[in-house]
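The primary structure of each chain is shown beneath.
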Amino acid sequence: RALAGLTARRGWRRAAIFAGVIGILALGGLWLRRPADRRALYTSQFGENRRLLLPDSSIVILGPHSALRATAFSKEANTREVWLDGEAYFIIRNDPRTAKPFTVHTGDLNIEVLGTEFNVNNYNGRSQVVLHSGKVALQDNERKASRIVMEPGELIEYRSENNRYIRRKVSTEKYVAWVDRTLVFENTRLEEVAVQLHNKYGIHMLFADSSLLEEQFSATLQQADHKVVLKAIQEAFDMQLQQKDDSTFLLSR
């Protein structure tokens, strides 16, 4: 009987192991058969603006060091959707025959679009939308804050940490000038200028004196790159500029 019991236990153990292997193989088969990510991926390098023509004839100007994923916009699909990481300027084509909504997902925010032009920036983890023309509606991913409809000439920044929309009127040209390789600074703290230079060009701007971070910089720079901006800062504040390596620059009095 003892031998028979031992044989039975071994049989149960083999059956359990066999069932586990079959389960793993079945899960593996499901994983292999899962739908592939069919979203097209577009990327840009530091210092590069990339013009994209989407399948619905909408235009996207992708900002430096940014990425955009887009659905195929097939006839069968009920929506047009893109996912943005970085910055982009959108010129959305409205097709009244199909009336398919266009949605931009960026950070913690979903942007519902009809036909319009607007800029989206989420470099710093806080989604910022500037509406140049038309109409868009904003809603956070988890619907913690109320849905809000923007008017042309407005800037809205969504802060997920406290579910707040910061809303104000702005001159939209300042926020979309980068599309034409023009950078506009209006009483911008040098600390913020340094952040923008890193986001757009991948460089690190260091300051020998921390008090320089609070200095305010104003300039409109055409055909701008990081060298143009650094030279303008150097001349505006009579600073010394020292290049430490390929991507690091030190400013000092």
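See above for the structure.
Structural notes, computed from the coordinates. It should be emphasised that the depicted structure is a prediction, and the values quoted were computed from it without experimental measurement.

## Notes on the overall build of the chain
And step 1. Per the secondary structure count, the chain includes four helices and 19 strands.
And step 2. Across the 253 residues in the chain, those meeting the buried criterion constitute 41%.
And step 3. Counting contacts in the chain only where the partners sit at least 6 residues apart, residues at least 24 apart contribute 46% of the total.
And step 4. As displayed, the chain has an accessible area near 14900 Å², and 50% of this comes from carbon and sulfur atoms.

## Topic: the sheet that holds strand β7 (residues 102-106)
And step 1. The strand order β1-β4-β5-β7-β8-β11-β12 describes an open sheet built from seven strands, whose pairing is mixed. Edge positions in the sheet fall to β1 (40-43) and β12 (148-150), since each of these pairs with one other strand and no more. Sheet twist, expressed as the average angle between the axes of neighbouring strands with direction ignored, equals 20°.
And step 2. Bridge analysis of strand β5 (residues 80-85) against β7 gives five bridges, and the strand direction is parallel. By the bridge assignment, valine 82 is partnered in β7 with valine 104.

## Describing unusual backbone geometry
And step 1. One non-glycine residue with positive phi stands out, namely serine 57, at about 75°.
And step 2. With respect to the helices, strands and loops of the structure, serine 57 is situated in the loop between β2 (50-53) and β3 (59-62).
And step 3. According to the relative accessible area criterion, serine 57 is partly exposed, its value standing at 43%.

## Here we look at the side chain of glutamate 87
And step 1. Mapped onto the elements, glutamate 87 comes out in strand β6 (residues 87-91).
And step 2. Since its relative accessible area comes to 5%, glutamate 87 is described here as buried.
And step 3. For glutamate 87, the side chain forms a polar contact with the side chain of asparagine 119, separated by 2.9 Å.
And step 4. Engagement of the side chain of glutamate 87 in a polar contact is seen with the side chain of tryptophan 178, the distance being 3.2 Å.
And step 5. For glutamate 87, the contacting residues outside a window of four places in its chain are Ile61, Leu62, Gly63, Ser66, Asn119, Val120, Asn121, Tyr123, Tyr175, Trp178 and Lys200.

## What about the packing of aromatic side chains?
And step 1. On inspection of all chains with the given rule, the structure shows four aromatic pairs.
And step 2. Judged by centre distance (5.0 Å) and plane angle (10°), the rings of phenylalanine 90 and phenylalanine 118 are stacked. Remark: phenylalanine 118 occurs in strand β9 (residues 117-121) and phenylalanine 90 occurs in strand β6; sequence separation between them is 28 residues. For the pair shown, phenylalanine 90 and phenylalanine 118 are each scored as buried.
And step 3. Members of the aromatic cluster, each reached through a chain of ring pairs, are Phe185, Phe217 and Phe237.

Basis of the calculations
- Residues numbered from 1 in each chain as written.
- Predicted model: local features only at pLDDT ≥ 70, side-chain atom pairs only at ≥ 80, totals over all residues.
- Heavy atoms only, no water.
- Helix = DSSP H or I, 4+ residues; strand = E, 2+ residues; numbered from the N terminus.
- Buried < 20%, exposed > 50% of the residue type's maximum accessible area, 1.4 Å probe, protein only.
- Contact = heavy atoms within 4.5 Å.
- Areas by Shrake-Rupley, 256 points an atom, 1.4 Å probe, with all protein chains shown as cover.
- Pairing = 2+ DSSP bridges.
- Axes fitted to C-alpha atoms, helices over the stretch in contact; angles between N-to-C directions.
- Polar contact = N/O pair within 3.5 Å; in protein donor to acceptor, adjacent residues only side chain to side chain.
- Phe/Tyr/Trp six-rings, centres within 6.5 Å; stacked < 30°, edge-to-face > 60°.

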